[in-house]
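If you want the building blocks of each chain, they are given just below.
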Amino acid sequence: MLDAKFVRAEPEKVRQGLIYKNADPALLDEFLRLDERRRALLVQVEQLKAERNARSEEIARMKREKKDVSAEIEQMRQVSQRIKELDAELDEIERNLTNVLMNIPNLPHETTPLCKDESGNKILRYEGEPRKFNFDPVPHWELATALDIIDFERGSKIAGSGFVLYKGLGAKLERALINWMLDVHTQEHGYTEVFPPFLVNRRAMTGTGQLPKFEFDMYHTDKDDDLFLDPTAEVPVTNIYMDEILDAKDLPIYLTAYTACFRREAGAAGKETRGLLRVHQFDKVELVKFCTPETSYDEHEKLLADAEDILRRLKLPYRVVLLCSGDISFAAAKCYDLELYAPGVDKWLEVSSCSNFEAFQARRANIRYRPEPGAKPEFVHTLNASGVALPRLVVSLLENYQREDGTVEVPEVLRPYVGTDLIA
RNA sequence: GGAGAGGUGGCUGAGUGGUCGAAAGCGGUCGCCUGCUAAGCGAUUGUACGGCGAUAAAGCCGUACCCCGGGUUCGAAUCCCGGCCUCUCCGCCA
């Protein structure tokens, strides 16, 4: 969330940000209204409490002197009653205030293009040569079904549409990609591997910004548990340091994690969701960074490079897109997308979002660091990138490496992991 | 799942319902001393919110916070209820 003090001091900056992020500026007005009301009430109730504290001490003193205190106690009873009423009102206002603030998105960074919709996105560059085919490349669902490495029908049978069953070399390819990506990030990019819980609590989901706004998109367990299936490793991994004060000398912290990810994707259906293009459960290797505010935009560029390295090593053609204000996520200030080309479906597929959240998540999750011993704790900046998401990577890989006979070559870097150079 | 114990400041750890934001120690910071990466001495050292201060800083004042949320009371770290978490024992289990 944003700093309440900042919102109060710079309402017009916030208003502009809301407009360019496609959020309702009425949120700001509501915040300002409640904030003012809150401060007025606070002054009132604090004065009464000061009186109560002083008079209570007085009563204690009088009692020691064996004086009669029944009149004072009767007066204070009324004061306490009044405090109780005002406290209740204040409590209600603060709940509303927090709720409003929690629904205000992060503001775009100055380098984020301002535009209300995706037409403002900027394609920064194309990397890798798209392959020239001397036959018509087929979509991955045909390849995978014919090779019997993915069983879409049986996946649906056991869990519903949007759930897939990997088989044989398909399952092994999935596992190989996960292991290989984790190895690259841990051994060559300096990340520490973590393996977090796949279910997370409400607090964690709020910390990274999925809640309260997007509860409907999440899988949720029984009310008794109030747990959510993680929609991305970003949630459990970023919240590792919730409510902690980190030591400046330990920053930056680089973490990488494999998790399965679960998304309801409510409302999505049709052509864009065929095969592996959009599924309810998928695998992903995630990169998460915690750093100081001064370094976060340098770290952001390095993060992008780390994610890109995976695509480069697989020799897949991709492009880098700088998202505009209207297309970046609720919590992000700046975001690059990596899109892989998939010749079978003839589409650019988003396989990584590489975001800088600045202090937006840290403020919600209360993740701070102490710049120097004895100094006041500050909020860290958090960043993350997919490094990368599996299903669309598999789509692009199968479709790019397909051969005319329907078999699929295994990219060189993966061969030790898959144990073969051809999926046949 | 059952039984018990416990959750206090950056850490360890005291705390009879009023003089407790909280003893003591450790750690941190500043200074002194010391010819040597030690020891000693002194001082200082929580956070949030709000008010005053020029919608700056210092500073001053107030309120709140001893796991979280309720309650009792003129007054709660302290008493009561609910929840969460940790530990020990038992049960169950991959």
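Small disclaimer: the values here were computed from a predicted structure and weren't measured.

Below, the discussion takes up the protein's contact with RNA strand B. Near RNA strand B there are 23 residues, and of these R8, R38, E46, R77 and S80 occur at the shortest range. Backbone sugar and phosphate groups make up 74% of those atoms of RNA strand B lying within 4 Å of the protein. Between RNA strand B and E46, the relevant distance is 3.0 Å, taken from a base nitrogen to a side-chain nitrogen or oxygen of the residue. S56 places a polar main-chain atom, nitrogen or oxygen, 3.2 Å from a base nitrogen of RNA strand B. At 13 residues, helix α3 (residues 26-64) tops the list of elements feeding residues into the surface near RNA strand B. Its residues assigned to classes, the surface near RNA strand B shows eight nonpolar, four polar and eleven charged.

Whether parallel or antiparallel, the strands of a sheet pair through hydrogen bonds between backbone atoms. Pairing is mixed across the open sheet formed by three strands, whose spatial order is β7-β13-β14. Two strands lie at the open edges of the sheet, namely β7 (245-247) and β14 (378-379), each paired on one side alone.

Quoted interface sizes are often the accessible area lost when the parts come together. Its domain assignment divides chain A into domain 1 (4-102) and domain 2 (118-423). Distance from the C-alpha centre of domain 1 to the C-alpha centre of domain 2: 43 Å. With five residues of domain 1 at the contact, the number on the domain 2 side is ten residues. Here domain 1 packs against domain 2, burying approximately 580 Å² in sum over the two surfaces, 51% of which is carbon and sulfur. Ranking the residues of domain 1 by area buried against domain 2 places Y20, K21 and M102 at the top, with a combined share of 84%. Where domain 1 packs against domain 2, one counts zero salt bridges. Linking domain 1 with domain 2 are six residue pairs in polar contact (both at pLDDT 80 or more). Residue classes in the side of domain 1 that touches domain 2 are distributed as two nonpolar, two polar and one charged.

Turning to the side chain of T259, a few remarks are in order. Secondary-structure assignment places T259 in strand β8 (residues 253-262). Note on T259: relative accessible area 0%, which makes it buried. At 3.3 Å, the side chain of T259 forms a polar contact with the side chain of D230. Residues contacting T259, with those up to four places away along its chain left out, are P196, F198, D230, T232, A233, F282, D283 and K284.

Our next topic: the pairing of strand β12 (residues 347-356). Here strand β11 (residues 334-342) pairs with β12 via nine bridges, running antiparallel. Note on β12: the bridge partner recorded for Y336 is C354. The hairpin formed by β11 and β12 contains four residues between the paired strands, and D346 there has a positive phi angle of roughly 50°. In this sheet, strand β15 (residues 381-389) lies alongside β12 in antiparallel orientation, the contact comprising three bridges. Paired with N356 across the two strands is L383, which belongs to β15.

When two helices pack together, their arrangement is given by the angle between the helix axes and the distance between those axes. Closest axis-to-axis distance for the helix α2 (residues 11-20)/α3 pair is 9 Å, and the angle between their directions is 150°. When the axis of α2 is compared with that of α3, the two are roughly antiparallel. Seen from α2, the contacting residues are P11, V14, R15 and L18; seen from α3, they are L28, D29 and L32.

This brings us to α2. Buried within α2 are the following residues: V14, G17 and L18. With its buried residues spanning 100° around the axis, α2 presents them on a single face. Buried residues along α2 sit in contact with α1 (4-9) and α3. At the exit of α2 stands N22, carrying a positive phi of roughly 65°.

Let's shift gears to the packing of aromatic side chains. Enumeration over the complete set of coordinates arrives at ten aromatic pairs. Where Y191 meets Y254, the ring centres are 4.9 Å apart and the plane angle is 40°; that geometry is what we call tilted. Here Y254 lies in strand β8 and Y191 lies in the loop between α7 (168-187) and β4 (192-194), a separation of 63 residues in the sequence. A relative accessible area of 3% places Y191 in the buried class. On the accessibility criterion, Y254 (14% relative accessible area) is buried. A ring pair is formed by F330 and F360, whose centres lie 5.6 Å apart and whose planes are at 80°; its orientation type is edge-to-face. Residue F330 is found in the loop between β10 (318-322) and β11, and its partner F360 is found in helix α11 (residues 360-365); the two are separated by 30 residues along the sequence. With a relative accessible area of 10%, F330 lands in the buried category. When its relative accessible area of 1% is taken as the criterion, F360 is described as buried. Connected via pairs of aromatic rings, a cluster forms that spans Y126, Y341 and W348.

A few words now on the sheet that holds β4. The eight strands lie next to each other as β1-β10-β11-β12-β15-β9-β8-β4, forming an open sheet whose pairing is mixed. The open sheet has two edge strands, β1 (122-127) and β4, and neither has a second partner. When strand polarity is set aside, the average angle formed by the axes of neighbouring strands in this sheet is 25°. Sheet analysis places β4 next to β8, joined by three bridges and oriented parallel. Its bridge partner being in β8, V194 is matched across the sheet by A257. Most of the contacts of helix α12 (residues 390-400) go to β11, to which it runs at about 35°, and overall it touches β9 (281-291), β11, β12 and β15.

Thresholds applied
Residues numbered from 1 in each chain as written. Chains lettered and ligands numbered in written order. Predicted model: local features only at pLDDT ≥ 70, side-chain atom pairs only at ≥ 80, totals over all residues. Heavy atoms only, no water. Near = heavy atom within 4 Å. Polar contact = N/O pair within 3.5 Å; in protein donor to acceptor, adjacent residues only side chain to side chain. Helix = DSSP H or I, 4+ residues; strand = E, 2+ residues; numbered from the N terminus. Nonpolar A, V, L, I, M, F, W, Y, C, P; charged D, E, K, R; others polar. Pairing = 2+ DSSP bridges. Domains from an automatic or database assignment. Contact = heavy atoms within 4.5 Å. Buried area = accessible area lost by both parts, 1.4 Å probe. Salt bridge = Lys/Arg side-chain N within 4 Å of Asp/Glu carboxyl O. Buried < 20%, exposed > 50% of the residue type's maximum accessible area, 1.4 Å probe, protein only. Axes fitted to C-alpha atoms, helices over the stretch in contact; angles between N-to-C directions. Parallel < 35°, antiparallel > 145°, perpendicular 65-115°, else oblique. Arc of directions from axis to C-beta. Phe/Tyr/Trp six-rings, centres within 6.5 Å; stacked < 30°, edge-to-face > 60°.

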